[in-house]
Amino acid sequence: MNRLTHKLVIGLWVLMATAQAQSPVLSYFKTMEGYHLGQEGLLAVALDSSIYAATQDGFADLRILDETGTETPFLLEKAAETHSKIVRIPHAGEVVSLQKLGNNGIEVFLRAAQDTPSTDGFTLHTPLRNDEHRVQVFGSNDGKNWAPLVKEVGIYDYSRYLDINNRDIELPTNPYREFKLVIEEATHPQQLELMELTREIRGEQEQERSEHTQVKSVSFRIDRIEFWHKLKQDLPADEQKFEYPITAFTAQEDPKTQTTIIEVKTQREPLTHLSLQSTNRNFSRPVTVRIPVRYGMETQWRDIGSATLQMLHLYDIHREQTAIPFPEQRQENYRIIIRNQDNPPLAITGIQAQGNGYRLIFLAAPGKAYRVCYGGAAAQKPHYDTTSIRESLQAGYLPTLARLGAEQATSNTDSADFDINSVLNSKLFLSIIIALMVAVLAWALVRAARGIEQLPKE
């Protein structure tokens, strides 16, 4: 290696070492407000949309500085909350008897076991599909005097048209052990898929056409009836969800693929759900969410989540499923694909976004002011000792909550005057280095050629 090349390599090494030793240049900051500490303790502040919009994936460019500009270690924590859910617990019960009611109805008499909790409902297990029946429920303590509990509820399976069904009968709070189910239409006509078609053709003209559909009577068979009661269960702390605003969205129809394509823009919040709003009713459509992924110079769209959108309000059916879940993403652009098939497109009136939230927790000294700094493409993730913060949280100490002020641009006095990281990562710097290396190589080739010419000739 000649001296010029050696010096160039040393110069580059010095520049890189300087860049690593230098504090990252961050573009924005927000002061922490609305808190008071009488002694050293935990302080927490939640990140907001403007911080999500300006930070890297993984939040490597987040820093907390005190009033003197000293960096303060912090713990980045996903917001969580404790919650509960209502679950159905089966309990013992039996079918006592069955009686015919009129020409086409039945009465089913049930009894819950003596030591079980109060019955909150039943599930009727039946092998039938594409059927519908109306059921009334009565309760009694002696099997003689019956009080109405459910005036009428639908038991149905509409799988021929949509993927929806209901076999549950939910009861109001009641003290009864004995129950009576009344099904007035236990047998009903059901149309068969087989159709007979008769045509009469004279010459080349069709003169007459007749169609015959076969119909048979199908009895409502019940394999078993399950008794259950409701129970509230406390669940472990789970991710807390937050509503985030959508920057913009556009919807466009593609007749060739029979799809609706919705382009959604956000501020890079940590999203886990996108929900669609529509003025349409009584629909069911498969839907997919995609994100852009760069492969070299090319951008492709990758699926991250799918669901079946449903908006059903018909008779006693009330079901809405408009959310599309997916693993946490921080993207500026999303694409939603609705597959309409031969159905008319849906009128999309709005998009709602939901996702996780993050907060910073750190040990704050009384009387000091703090600020959150962020927004640096070249910043590296810091490695802090957070043992004292974690142990304080595990011991049950709750942090004092602070709020963030308005976003402000970082001035030259708040950061280095010369951003060496930006220079090293710029196209101009790379071009200069390539040009220098080419010049060194050309100079070395010229010297080698001169050396060859000076060799003695035989």
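These numbers come from a predicted model, not from an experiment. (Residues numbered from 1 in each chain as written. Predicted model: local features only at pLDDT ≥ 70, side-chain atom pairs only at ≥ 80, totals over all residues. Heavy atoms only, no water.)

Quick look at the sheet that holds strand β19 (residues 259-265)
What links the strands of a sheet is backbone hydrogen bonding, and the strands pair in either a parallel or an antiparallel sense. Sheet architecture is open: six strands sit in the order β18-β19-β25-β21-β22-β23, paired in antiparallel fashion. Each having just a single partner strand, β18 (248-254) and β23 (317-321) make up the two edges of the open sheet. Strand-to-strand twist of the sheet, defined as the mean angle between neighbouring strand axes without regard to direction, takes the value 20°. Inspection of the sheet shows strand β21 (residues 283-295) paired to strand β25 (residues 333-339) by four bridges, in the antiparallel sense. Along β25, the bridge assignment pairs Val 287 with Ile 338. (Pairing = 2+ DSSP bridges. Helix = DSSP H or I, 4+ residues; strand = E, 2+ residues; numbered from the N terminus. Axes fitted to C-alpha atoms, helices over the stretch in contact; angles between N-to-C directions.)

Things to note about the sheet that holds strand β10 (residues 147-157)
The sheet built from six strands is open, its strands ordered β6-β7-β13-β9-β10-β11 with antiparallel pairing. Among the strands making up the open sheet, the edge pair consists of β6 (93-101) and β11 (165-166).

So, unusual backbone geometry
The phi angle at Arg 268 is positive, at roughly 65°, despite the residue not being glycine. As for its position among the elements, Arg 268 is in the loop between β19 and β20 (271-278). Despite not being glycine, Asn 282 shows a phi value in the positive range, around 60°. With respect to the secondary-structure elements, Asn 282 resides in the loop between β20 and β21. Here Asn 282 falls in the partly exposed class, since its relative accessible area comes to 38%. (Buried < 20%, exposed > 50% of the residue type's maximum accessible area, 1.4 Å probe, protein only.)

Remarks on the nonpolar core
Counting 44 residues, the largest nonpolar core has Met 32 and Ile 336 as its most contacted members. Those residues within four positions of Met 32 in sequence are excluded, and the remaining contacts are Leu 43, Val 45, Ile 64, Phe 362, Tyr 370, Arg 371, Val 372, Ala 402, Arg 403 and Leu 404. Counting 22 residues, the second-largest nonpolar core is a separate cluster that includes Ile 106, Ile 169, Phe 220 and Phe 227. (Core = buried A, V, L, I, M, F, W, Y, C linked by side-chain atoms within 4.5 Å. Contact = heavy atoms within 4.5 Å.)

Considering empty space enclosed by the protein
This model, assessed by the stated rule, comprises one cavity of 30 Å³ or more. Reported here for the largest cavity is a volume of approximately 40 Å³. Leu 276, Gln 277, Ser 278, Phe 283, Leu 309, Met 311, Thr 322, Leu 346 and Ile 348 are the residues that line the largest cavity. If one sorts the elements of the lining of the largest cavity by residue count, β20 sits on top with three residues. (1 Å grid on protein atoms, 1.4 Å probe; cavity = no way out; pocket = protein on both sides within 12 Å on 5 of 7 lines; lining within 4 Å. Points joined across faces, edges and corners; volume = space filled by probe spheres on them.)

Some thoughts on the confidence of the model for the protein chain
Looking at the protein chain as a whole, the pLDDT averages 85, with 80% of positions reaching at least 70. Confidence drops under a pLDDT of 50 for residues 191-195, and excluding neighbours within four residues, the segment shows 13 contacts in the predicted structure. Across residues 412-418 the pLDDT falls below 50, and counting only partners more than four positions away or on other chains, this stretch makes nine contacts in the model. (pLDDT = per-residue confidence, 0-100.)

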